[in-house]
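Remarks on the overall topology
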Amino acid sequence: MAEPPRDIFRLSRDWLSVQEVVDSVSSSRCGAVSVFIGATREDQVEGRKVIGLQYEAYEAMVQSELSRLAAALRARWPSLLHVCIHHRLGWVKVGEASVVMAISSPHRQDGQEAIQHAVTLLKASVPIWKKEVYDTQESSWKENSECSWSQRGGASD
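Quick caveat, the model's predicted, so the values are computed rather than measured. (Residues numbered from 1 in each chain as written. Predicted model: local features only at pLDDT ≥ 70, side-chain atom pairs only at ≥ 80, totals over all residues. Heavy atoms only, no water.)

On a plain count of helices and strands, the chain comes out with 3 helices and 9 strands. Its helices and strands taken in sequence order, the chain reads β-α-β-β-β-α-β-β-β-α-β-β from the N to the C terminus. Whereas a compact globule of 157 residues would reach a radius of gyration of roughly 15 Å, the chain reaches 16 Å, a difference of no more than 12%. Each principal axis of the C-alpha distribution contributes one length, and for the chain these read about 60 × 30 × 30 Å. Counting over 157 residues, the chain shows a buried share of 43%. Pairs at least 24 residues apart make up 71% of the contacts formed inside the chain by residues separated by at least 6 positions. In the chain, 18 side chains carry a positive charge and 20 a negative one; their mean positions are 2 Å apart. (Helix = DSSP H or I, 4+ residues; strand = E, 2+ residues; numbered from the N terminus. Rg over C-alpha atoms; globule rule 2.2 N^0.38 Å. Buried < 20%, exposed > 50% of the residue type's maximum accessible area, 1.4 Å probe, protein only. Contact = heavy atoms within 4.5 Å. Lys, Arg positive; Asp, Glu negative; His and termini not counted. Charge placed at Lys NZ, Arg CZ, Asp CG, Glu CD.)

Below, the discussion takes up the UniProt feature "binding site: substrate" (unreviewed entry) in the chain. If you check UniProt for "binding site: substrate" (unreviewed entry), the listed places come out as His107, Arg108, Lys123, Lys130, Lys131 and Glu132 in our numbering. For the residues just named, distributed over 26 residues, the greatest C-alpha separation reaches 37.4 Å, placing them at more than one site. Here Lys131 is to be found in strand β8 (residues 128–134). Setting aside residues no more than four positions away along its own chain, Lys131 makes contact with Gly52, Leu53, Gln54, Ser139, Ser140 and Trp141. One can find Glu132 in strand β8. According to the relative accessible area criterion, Glu132 is buried, its value standing at 11%. (UniProt positions renumbered as here; feature names shortened; annotations may be inferred.)

Another aspect to go through is the packing of aromatic side chains. Applying the stated criterion to the full structure yields 0 aromatic pairs. Over the face of the ring belonging to Tyr134 we find Arg48, whose NZ or CZ atom lies 3.9 Å from the ring centre. (Phe/Tyr/Trp six-rings, centres within 6.5 Å; stacked < 30°, edge-to-face > 60°. Lys NZ or Arg CZ within 6 Å of the ring centre and 35° of its normal.)

On to the sheet that holds strand β2 (residues 32–39), then. On the basis of which strands lie adjacent, the open sheet formed by 4 strands has the order β1-β5-β7-β2 and mixed pairing. In this open sheet, the two edge strands, each paired with only one partner strand, are β1 (6–12) and β2. Within this sheet the neighbouring strands show an average axis-to-axis angle of 5°, counted without direction. Where strand β5 (residues 82–88) lies against strand β7 (residues 97–105), 5 bridges are found, and the strand directions are antiparallel. In the strand pairing of β7, Cys84 is matched with Ala102. Across the sheet, helix α2 (residues 59–76) is in contact with β1, β5 and β7; its angle to β1 comes to roughly 145°. Lying over the sheet, helix α3 (residues 108–125) contacts β2, β5 and β7, oriented at roughly 145° with respect to β7. (Pairing = 2+ DSSP bridges. Axes fitted to C-alpha atoms, helices over the stretch in contact; angles between N-to-C directions.)

Here it is, written out as structure tokens:
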């Protein structure tokens, strides 16, 4: 019997394991596992250094939006097998992963295109918000430019 497609989504206040995400999508039916790791980067904003991000989410809605995201990926790339997305909540210091996602597919092209599209959809539609925290102890909520209501004009993060 063929292995059914599987979607795995998790929000976590703990460190994310890339290997756990990769293992969750691995399959003998697939020759490719495409991975994206989004890390908190050190940045300078108006003379202040970013020391970390604080993530919050509308948790009741995240799972349904991630399910919609996975369905949209499969509609566009029917060969995809498994989709896994783990996202941090709470404090994430510079250098740590904020999001880890992996997609398995028989061939690399579909998986690589899908993973790129998944990042865009995640930022545009999943209710997870980030606040930059600076070395001055000031902070600022950041808007994802991919969101339809963004004032930033479509520049990518």
